[in-house]
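Listed below, chain by chain, are the residues.
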Amino acid sequence: MKISPRLTLNNGVMIDRLGFGLYKVPPAEAAGLVTMALEAGYRHFDTASMYGNETGVGKGIGALSAFGGGAGGSGELAGTLTRQDVFVTTKVWNDDHGYDATMRAFDTSMSNLGLDYLDLYLIHWPCAKRGLFTGTYRAMETLYREGRVRAIGVSNFQPEHLDFLLEKAEVVPAVNQIELHPWLQQEQLREKHAALGIRTEAWSPLGRGQVLADPVILALAAEHERTPAQIILRWHLQLGQIAIPKASSSARLRENRGIFDFELSATDLADIAGLERGFRTGSHPDNVT
Ligand code: NDP
């Protein structure tokens, strides 16, 4: 099964199925890691205002590209990339829910990133008890209509949050970014997304590294002569979802991209389906207020 490296969101915008996630990347290291990731072939970057590293992400992208406005950086890619070659996601944080606060938060993020438009803007957590996420989303719809962001979506939304949002929304979210890996397979949400035309984006796609030691994953890695990370990331691809693994070295960044030239069989997929155990590396969305 040949899988193209990109897929199309519900508004026609293309996104790389494999991105680089920057949660817990220290601000001072973000620019260097983004540069390293660009050199390893990554074009899709996932940050958030809460990560505190948007400025570094913007510097890393700008340093290697013509649109950076600087000296063009150094290295093999210097000056060769255009704005259209990269896809940047950031997220509005929990303290900035509501229409006006979200508009302000967007401006701050864009100033940090040094970009004049964003590719994907997400609501980081629904914080449903605050009762504000529809106002947050309305601001995102405004930004979308104004052309300041190419696609909008949500993160950590449960089925009932999606239902509530869709009663009011005019733009169907392009993605729901959720915790998803072989120990937390999110079958109900994946089915709902498919029915609604929302792409599933997996955060902690490697279970924050913990699923790499699963014996079934290790056995599949041995059988396919691949690494455990490659087995898990290939599983994400074959399920049709976007994945944004974090890694801190050029070797791992490159390893994690080595997933387009082998295939898991139906039996392999069934073996991985059997690993579900409701294990979360992060919070349950109902507990994030
Ligand atoms: P991941 O599942 O991506 O796991 C990252 C861990 O796996 C790191 O410890 C990394 O180590 C290790 N790792 C990566 N590649 C390999 C490899 N090839 N071999 C061995 N170990 C490896 O977890 P994250 O929680 O970081 O999730 C990824 C991204 O998802 C985040 O960076 C963020 O962008 C997003 N996210 C979104 C959330 C949301 O609420 N929307 C919440 C959490 C994450 P090392 O870094 O040392 O190389």
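Counting of residues starts from 1 at the beginning of each chain's written sequence and follows it residue by residue. Given that this is a predicted model, residues contribute local features only at a pLDDT of at least 70 and side-chain atom pairs are listed and counted only at 80 or more, while totals for whole chains, interfaces and linings are drawn from all residues. Remark: hydrogens and water are excluded; side-chain values derive from all non-hydrogen atoms of the structure.

Draft legend 1. Region of interest: the overall build of the protein chain. Across its full length, the protein chain carries ten helices and ten strands. Put simply, the radius of gyration uses C-alpha atoms, and a globule should come to 2.2 Å times the residue count raised to 0.38. Taken against the 2.2 N^0.38 rule, which gives 19 Å for 289 residues, the C-alpha radius of gyration of the protein chain at 18 Å falls within 12% of a compact globule. Residues counted as buried form 53% of the 289 residues belonging to the protein chain. Considering only residue pairs separated by 6 or more positions, the protein chain has 72% of its internal contacts joining residues 24 or more positions apart. Taking the average place of the 28 positive charges on the side chains of the protein chain and the average place of its 33 negative ones, the gap between the two points comes to 2 Å. Comment: elements are numbered from the N terminus, with helices defined as DSSP H or I runs of at least four residues and strands as E runs of at least two. A 1.4 Å probe rolled over the protein chains alone gives each residue an accessible area, and that area as a share of the maximum for its type sets the label: buried under 20%, exposed over 50%, partly exposed in between. Every residue pair with non-hydrogen atoms within 4.5 Å of one another is taken to be in contact. Under the convention used here, Asp and Glu are negative, Lys and Arg are positive, and both His and the chain ends fall outside the count. Each charge is placed at NZ for Lys, CZ for Arg, CG for Asp and CD for Glu.

Draft legend 2. Layout of the pattern of salt bridges. Here a salt bridge means any side-chain nitrogen of Lys or Arg lying within 4 Å of a carboxyl oxygen belonging to Asp or Glu. A full pass over the atoms with the stated rule returns ten salt bridges. Two residues, arginine 83 and aspartate 119, come together in a salt bridge whose shortest N-O distance is 2.8 Å. With a gap of 36 residues between them, arginine 83 in the loop between α2 (54-63) and β5 (87-92) and aspartate 119 in strand β6 (residues 118-123) connect regions that are remote in the sequence. On the basis of relative accessibility, which here comes to 6%, the residue arginine 83 falls in the buried class. When the shortest N-O distance is used, the salt bridge between aspartate 163 and lysine 192 registers 2.7 Å. Of this pair, aspartate 163 sits in helix α5 (residues 159-168) while lysine 192 sits in helix α6 (residues 187-196); the two residues are 29 residues apart in sequence, bridging distant segments of the chain.

Draft legend 3. Examining empty space enclosed by the protein more closely. Cavity: a set of points on a 1 Å grid over the protein atoms alone where a 1.4 Å probe fits but cannot get out. Pocket: an open set with protein on both sides within 12 Å along at least five of seven lines, its lining residues, like those of a cavity, having an atom within 4 Å of a point. Grid points are joined across faces, edges and corners, and a volume is the space filled by probe spheres set on the points. Inspection of the entire model under this criterion finds one cavity of 30 Å³ or more. In this model, the largest cavity occupies a volume close to 40 Å³. What lines the largest cavity is simply Asn156, Phe157, Gln158, Ile178, Glu179, Gln186, Leu189, Arg280 and Pro285. By the convention adopted, Pro, Cys, Tyr, Trp, Phe, Met, Ile, Leu, Val and Ala count as nonpolar, Lys, Arg, Asp and Glu as charged, and the other residues, Gly among them, as polar. When the residues that make up the lining of the largest cavity are grouped by side-chain class, the tally is four nonpolar, three polar and two charged.

Draft legend 4. Examining α6 more closely. When α6 is considered as a whole, its buried residues turn out to be Leu189, Arg190 and His193. Across the axial projection of α6, the buried residues extend over an arc of 100°, all falling on one side. Away from its buried face by more than 90 degrees, α6 exposes Glu187, Gln188, Glu191, Ala194 and Ala195. Against the buried residues of α6 lie α5, β8 (175-179) and β9 (199-203). Glycine 197 sits one or two positions beyond α6 and adopts a positive phi of about 80°. For this quantity, the arc is that covered by the directions from the helix axis to the C-beta atoms.

Draft legend 5. Focus on a positive patch on the surface. Patch criteria: residues need more than 30% relative accessible area and no salt bridge. Like-charged residues are merged within 9 Å; nonpolar side chains of Val, Leu, Ile, Met, Phe, Trp and Tyr are merged within 5 Å. The Shrake-Rupley method, run with a 1.4 Å probe sphere, supplies the accessible areas, and residue values consider only the shown protein chains as cover. Positive charge collects at one region of the surface, where Lys24, Arg208, Lys246 and Arg252 lie side by side. With respect to the helices and strands, arginine 252 occurs in helix α9 (residues 250-257).

Draft legend 6. Here's a closer look at the side chain of glutamine 185. Along the chain, glutamine 185 falls in the loop between β8 and α6. For glutamine 185, a relative accessible area of 7% gives the class buried. Beyond its immediate stretch of four places on either side in the chain, glutamine 185 contacts Leu180, Arg190, Trp235, Ile272, Ala273, Leu275 and Glu276.

Draft legend 7. Broad picture of the packing of aromatic side chains. Aromatic pairs are defined between Phe, Tyr and Trp rings, using the six-membered ring for Trp, whenever the two ring centres lie within 6.5 Å; interplanar angles under 30 degrees are classed as stacked, those over 60 as edge-to-face, and all others as tilted. For the structure shown, the criterion picks out eight aromatic pairs. Through a chain of ring-to-ring contacts, three or more aromatic side chains come together here, namely Phe20, Tyr42 and Phe45. The rule for a charge over a ring is simple: NZ of Lys or CZ of Arg within 6 Å of the ring centre, and within 35 degrees of the ring normal. In this structure, arginine 83 is placed above the aromatic ring of tyrosine 117, and the distance from its NZ or CZ to the ring centre is 3.9 Å. One cation-aromatic arrangement involves arginine 257 over tyrosine 42; the distance from NZ or CZ to the ring centre is 5.3 Å.

Draft legend 8. Just the site of the ligand, in detail. The local shell around the ligand holds 28 residues, among which Asp46, Ser204, Leu206, Arg208 and Ser248 are the closest. Here an oxygen atom of the ligand sits 3.2 Å away from a polar atom, N or O, in the main chain of leucine 22. Within the backbone of glycine 207, one N or O atom sits 3.4 Å away from an oxygen atom of the ligand. Taken by itself the ligand offers 910 Å² of open surface, and the protein chains cover 87% of this. Sort the elements by how many residues they give to the shell around the ligand and α9 lands first, with three residues. Residue composition of the shell around the ligand, by class: twelve nonpolar, ten polar and six charged. Definition of nearness: a residue and a molecule or strand are near each other if at least one heavy atom of the residue lies within 4 Å of the molecule or strand. Whenever a nitrogen or oxygen atom comes within 3.5 Å of another N or O atom, the pair is scored as a polar contact, on the condition that within protein one atom can donate a hydrogen and the other can accept it, and that pairs from neighbouring residues in sequence are kept only if both atoms are in side chains.

Draft legend 9. The packing of helix α7 (residues 215-224) against helix α8 (residues 228-238), seen in detail. Taken N-terminus to C-terminus, the directions of α7 and α8 make an angle of 100°; their axes are 8 Å apart at the nearest point. Judged on the interaxial angle alone, α8 and α7 are roughly perpendicular. Of the residues in α8, those touching α7 at Ile217, Leu218, Leu220, Ala221 and His224 are Pro228, Ile231 and Ile232. Within the contact of α7 with α8, the residues separate by chemical class into seven nonpolar, one polar and no charged. In this analysis an axis means a line fitted to C-alpha atoms, helices contributing only their contacting stretch, and an angle means the value between N-to-C directions, from 0 to 180 degrees. By definition in this entry, angles of less than 35 degrees are roughly parallel, angles greater than 145 are roughly antiparallel, angles of 65 to 115 are roughly perpendicular, and the rest are oblique.

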